[in-house]
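# Analysis of the macromolecular model
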Amino acid sequence: MNAHDLLSGLCPPGEALAFAAGIGNRRYHVSRLTWRPAGKGARLRIDGVIDQAALQMGSGLVFDRIDLTLNSTCRPRRYVRSSGRQRLEIRFGETMAEARLADGSSFQIAAAPAVVLDSNAPLLTALALRFMRAQSLTVAPAFIAGQLLPIDYRLTATAQGWCSSLEEEIALDGHGRLCALSMPRQGLTVWPASATDLPLLQRARRRTRLARPGVARPASASPATGVREFAVASPSGTVTALARVPAGAVRGRVLLLAGSGRVDRFGRAGGVDTGLGQIADGLAASGFLAMSADQPGAGDSPLGHTALTRSFAEEVADSAALLDAALALKEAPGPIAIVAHSLGGLVALALAAARPDDIAALVLLGVPGRPLPELMEDQLRWIGARRGLDPATISEQVAEHRQLMTAIRSVTDWTPASVPERFLAQRRLRDWLIGYVDLDPAAMLAATRGPVFLAQGALDVQVDAQADLGRLAQARPGLRTRCYAKLNHLFRAATADEGLDQYQSDTGRVATELIDDLVTFLEQAYAAPGPPVRASEGHPLN
C-alpha cells in the first residue's frame, strides 16, 4: 500500500478527520487531520488544542500543529511539532533520527520507525493502526515523538478490536477505521469529533501564533538594582546567568535555584511565572546581590548534551558550577546563601552537604519533605479527584505508580522480559527519576549545618504543608519555619478551591510578607558567625 492509498482510507485528500478526547467526565482535547499528496508520498497536518482547565493543568487553550511527511512506502521522513512557545523537528534516516529543537540543540537517536506516535495525537494512532493492518503487522518499530523514544509498538486482537502495548483499547468501524480509543487505567476516552467539538479548535487557532518568542524580560526592574548578565560553563553546557546588583553596599550574595521544568533566569517556565524573578528583585532592592540562571533549554541557553539522560547528579553538578560563579563575583566576597524552590531544594540540600563552607544559609521554599514517590502518590489522588475519576480508577493509578517506582529502583536493563511492556514508554521518565526515588529530603536536611529557613504555602496543591513541612521541621528542630495561610506553591495569594490554573496568571505577585521574611532571615544569617570567608578575585560581570 502506498501513502496515497493508506491516507485515502482515513479521509480523502483535502477533507478532514477529527477526534476529541476526554479524561473523567471532561473533554480536554480536539484534533483535526488533513493531508495532501507530495510526489509519491504525502504531507499530513494535525491541528490540536488542549483545554488546560478541563485537564486540571492550568487555564486557557494550548494550540499546536504537527506536520508529518511520509515517503511513498508510508514511512515517516520528517515530523515537526510547533506551538507558540516550542518547536521540535525530527528527521528520520535509514537507521538514525535527528531531533532539532528551537534553541539550536540537536540530538541523534538510533531509530528507524515505521510509525510515529504522540500521547496528545490520537490521529497518529489511527494512522499507525491503518498502516500496521495494511501490512499485516502485529508489531512495528515506533517513535514516541514527545519523548524522542524508539519503542516496539504491538497490537493484539480482541473481541472489540485491538489492544496496544501502550494499553490502548481500540475499536474499529465497519471499514476497519478507528472509531473509538480508550485507556481505562488513565480514565481516557477518544471519539470522533462532533460539530460541537470543533469550535474549540478554531478558537484556539485564531489566538495562537506559531513562532518562538524572544527571551522574556522582566516587566520592570527595581530602580535600586543593576541587572547584568554573563555566561556560566556547566557540565551540561553554557548557560546565561543574571545578577541583580544593588546600587549601594552589598549586604550578601544569594543564588536562586528553580524547581523542575525549564525555568529561565527571569523565573519564567514557558508561560508560567514561578515568582523567582520577583523574589530576586525584592532581595536586590533590600541590598542583596541576587543571582539566577537559565536552566538548560530555557531562556536563550541551549538544552545541552545531557537532555535525553539528565539526572539528579547532573543537576547538582550544573548547580555547583553556578555556585562557583556566584562565589567568583567581586561584590561582598564570602559564602553564598541559597534560595531554592520545590525540587530545586533537593539540589540545594545536596550542595549544602557537599560544600558546607561555601554556603552561608539555606532558604527552602515549598520543598518536599517526603521521598518523591510518596509525594507523587498524593498528587495522583488529588489530580484524579479534580478530573472526576472514580475512586477505583484512582486506586488503580496509585497501584500502577507503585509498580513503576519498584521497576525504576530494581530493574537496570528495561526490556519486555524485565518490565511490563507498557513501562517501556516511560524510559525517559525513568532516566530522570532514578536519581530521585531514594532521596529522603528530611535526612538530607538533618545532615546540613548553618541557618535554614523553611517556608510553605498552606494552599500548596503539590507539596503538603503538614506532611512535608512538618517532616522537614522535625529533621532539624529549632529551624525557622513558617506556613503562610493563604499562599500557594508559588507563594501567591490563592483560594482553597483553586487548581493548577492558579499558576497561569501573569499578574500574580509573590506575597510581600514572604520577601520581607527572607530579607530578615538573610540579615540575621549574614550577621551571625558562620563558615570562614572564602577569598576570591572575582570578576566584573561584563
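This text gives an overview of the structure that appears in the document. (Residues numbered from 1 in each chain as written. Predicted model: local features only at pLDDT ≥ 70, side-chain atom pairs only at ≥ 80, totals over all residues. Heavy atoms only, no water.)

## Overview of the pairing of strand 2 (residues 26–38)
Taken together, the seven bridges between strand 1 (residues 17–23) and strand 2 define a ladder with antiparallel strand orientation. Bridging across to strand 2, Ala21 finds its partner in His29. With antiparallel pairing between neighbouring strands as the criterion, strand 1 and strand 2 make up a hairpin whose turn holds two residues, including Gly24 at a positive phi of roughly 65 degrees. With ten bridges joining them, strand 2 and strand 3 (residues 41–51) adopt antiparallel strand pairing. Directly across from Trp35, in strand 3, lies its bridge partner Leu44. The loop that links strand 2 with its antiparallel partner strand 3 comprises two residues; one of these, Gly39, has a positive phi angle of about 65 degrees. (Pairing = 2+ DSSP bridges. Helix = DSSP H or I, 4+ residues; strand = E, 2+ residues; numbered from the N terminus.)

## Quick look at the side chain of Asp294
Relative to the elements of secondary structure, Asp294 occurs in the loop between strand 21 (288–293) and helix 6 (312–327). What makes Asp294 buried here is its relative accessible area of 2%. Of note is the side chain of Asp294, whose polar atom sits 2.7 Å from the side chain of Arg265. (Buried < 20%, exposed > 50% of the residue type's maximum accessible area, 1.4 Å probe, protein only. Polar contact = N/O pair within 3.5 Å; in protein donor to acceptor, adjacent residues only side chain to side chain.)

## Quick word on helix 9 (residues 391–410)
The first and last C-alpha atoms of helix 9 sit 29 Å apart over 20 residues, in line with the 28 Å expected at 1.5 Å per residue. Turning to helix 9, its buried residues number three or more, namely Thr393, Ile394, Gln397, Val398, Glu400, His401, Leu404, Met405, Ala407 and Ile408. Among the residues of helix 9, the N-terminal cap falls to Asp390, whose side-chain oxygen and the backbone nitrogen of Ala392 are separated by 3.0 Å. (Expected span 1.5 Å × (residues − 1).)

## Brief notes about the environment of Tyr28
Along the chain, Tyr28 turns up in strand 2. Expressed as a C-alpha distance, the spacing of Tyr28 and Ile50, which sit 22 residues apart in the sequence, is 5.6 Å. Ignoring sequence-local partners within four residues, the contact set of Tyr28 consists of Ala21, Gly22, Ile23, Val49, Ile50, Asp51, Ala54, Leu55, Asn120 and Leu188. (Contact = heavy atoms within 4.5 Å.)

## Here's the deal with the pairing of strand 7 (residues 96–101)
By the alternation rule, side chains of strand 7 split into Ala97, Ala99 and Leu101, which are all buried, and Met96, Glu98 and Arg100, of which none is buried. Summarising the sheet, strand 6 (residues 87–92) and strand 7 pair through five bridges and their orientation is antiparallel. Across the sheet, residue Arg91 finds its bridge partner in strand 7, namely Glu98. Linkage of strand 6 to strand 7, two consecutive antiparallel strands, is achieved through a turn of three residues. Here five bridges tie strand 7 to strand 8 (residues 106–110), and the two strands are oriented antiparallel to one another. Note on strand 8: the bridge partner recorded for Arg100 is Ser106.

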